Amino acid sequence: MFIKKIQLIKLKGLEKLTIIQCNYDQSHYQRRLFDFLSIHFPNSLTNSVEKRQAEFLAGRHSANLALRTKGIHEQTIAVGQDRCPIWPENISASITHTHDSAICVAAYKKNYHQLGIDLEYWLSHEIIEEIKSGVIRTQEEKIIKKSLLGFDKAFTLVFSAKESLFKSLYPDVGYYFDFKAAAITSISHDQKMFQLILKQDLNQSLVSGMCFSGHYDFDDKTVLTLITIKK
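Residues numbered from 1 in each chain as written. Predicted model: local features only at pLDDT ≥ 70, side-chain atom pairs only at ≥ 80, totals over all residues. Heavy atoms only, no water.

Caption draft 1: Spotlight on the pattern of salt bridges. For the structure on display, the rule yields 7 salt bridges. Measuring nitrogen to oxygen at the nearest pair gives 3.9 Å for the salt bridge that ties Asp118 to Lys167. Remark: Lys167 occurs in helix H5 (residues 151–173) and Asp118 occurs in strand S7 (residues 114–121); sequence separation between them is 49 residues. Using a relative accessible area of 4% as the deciding quantity, one classes Asp118 as buried. Its relative accessible area of 24% is what places Lys167 among the partly exposed residues. The salt bridge partner of Lys162 is Glu140, with a shortest N-O separation of 2.8 Å. In this pair, Lys162 sits in helix H5 while Glu140 sits in helix H4 (residues 138–145), placing the two residues 22 residues apart along the sequence. Grouping residues by exposure puts Lys162 and Glu140 together as buried. A network of salt bridges, in which partner residues are shared, links Glu129, Lys132, Glu141 and Lys145. (Salt bridge = Lys/Arg side-chain N within 4 Å of Asp/Glu carboxyl O. Helix = DSSP H or I, 4+ residues; strand = E, 2+ residues; numbered from the N terminus. Buried < 20%, exposed > 50% of the residue type's maximum accessible area, 1.4 Å probe, protein only.)

Here it is, written out as structure tokens:
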């Protein structure tokens, strides 16, 4: 069975959001599952490896389930020129996936202007040492070292938080910006929240010094981060 488990994720204080997680088994992927799940197979996937096709399928399935909770049924989520999903006009949403899990968060645009979600497996210390200089600044490292999670897990949290921020801002920015465009300023373990600040201007509206709050949750294997932006 390709789809192994479907669950609704609830985060405190975010009742107007719908977060759907689909756990899947890539080894059971078949092209015909797109038709079975009533999901359009885009031309952009034609030459992709099965791993990418399976990720896409699981992500779109979780998205369809999330959209149904908002009263939207049987609508194809098109792929934009930048390969990002084109959501219904009145919906804000975001998708993330790993090799065995896909998550979609969705809300009405009247409640949240943009959303960004990311799921990461805990990064190993070796990988962190390789990528650290391109992800965080010296001041951020000091904050991470004080975290009760321990450095490696706190770094993974920050890495994921910046991915979520990128996803939430990209629709308004329209270009790729790197990890150091924003910096972590706080991590609250009691509330499972974090705060990021922009370190550079991204456009006329998103300028250096703007702050963004996010939520996180984790288990023994992964960390989930979410950025919500109200207009």
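Once you've had a look at it, read on.
Caption draft 2: Representation of the packing of aromatic side chains in the model. Considering all chains together, one arrives at 13 aromatic pairs under this definition. Ring centres of Tyr216 and Phe218 lie 6.2 Å apart, and the angle between their planes is 20°; this geometry places the pair in the stacked category. Take Tyr216: its relative accessible area is 3%, and that puts it in the buried class. Phe218 gets classed as partly exposed once you look at its relative accessible area, which sits at 34%. The lysine or arginine in question, Lys110, covers the ring of Tyr108, its NZ or CZ lying 5.6 Å from the ring centre. (Phe/Tyr/Trp six-rings, centres within 6.5 Å; stacked < 30°, edge-to-face > 60°. Lys NZ or Arg CZ within 6 Å of the ring centre and 35° of its normal.)

Caption draft 3: Molecular detail of the sheet that holds strand S5 (residues 91–97). If you trace the 4 strands from one edge of the open sheet to the other, you get S1-S2-S6-S5, paired in antiparallel fashion. Each edge of the sheet is formed by a strand with only one pairing partner; in this case those strands are strand S1 (3–9) and S5. With strand direction ignored, the average angle separating the axes of adjacent strands in the sheet is 15°. The sheet contact formed by S1 and strand S2 (residues 18–24) spans 6 bridges and is antiparallel. By the bridge assignment for S2, Ile3 is matched with Tyr24. Along the sheet, helix H2 (residues 50–68) makes contact with S1, S2, S5 and strand S6 (101–108), crossing S2 at roughly 145°. (Pairing = 2+ DSSP bridges. Axes fitted to C-alpha atoms, helices over the stretch in contact; angles between N-to-C directions. Contact = heavy atoms within 4.5 Å.)

Caption draft 4: Fine view of the environment of Ala181. Tracing the chain through its elements places Ala181 in the loop between H5 and strand S8 (182–188). Given the relative accessible area of 0%, Ala181 is considered buried. Separated by 124 residues in sequence, Ala181 and Leu57 place their C-alpha atoms 31 Å apart. Excluding its chain neighbours within four sequence positions, the residues that come into contact with Ala181 are Ile197, Leu198, Lys199, Gln200 and Leu202.

Caption draft 5: Here's a closer look at H4. Within the span of H4, buried status applies to Glu140, Glu141, Ile143 and Ile144. Looking straight down H4, one finds that the buried residues subtend no more than 160° of arc, so they occupy a single side. Along H4, exposed side chains directed more than 90 degrees from the buried face belong to Thr138 and Lys145. Looking at the buried positions of H4, the neighbouring elements they touch are helix H3 (125–135), H5 and S8. (Arc of directions from axis to C-beta.)

Caption draft 6: Layout of the nonpolar core. Membership of the largest hydrophobic core comes to 34 residues, with the highest contact counts inside it found for Phe155, Leu165, Leu169, Phe194, Leu198 and Leu202. Elements supplying a minimum of two residues to this core: H3, H5, S8, strand S9 (193–198), strand S10 (211–218) and strand S11 (222–229). With 12 residues, the single largest contributor to this core is H5. (Core = buried A, V, L, I, M, F, W, Y, C linked by side-chain atoms within 4.5 Å.)

In short, the description is geometric, and any link to function would need to be established separately.
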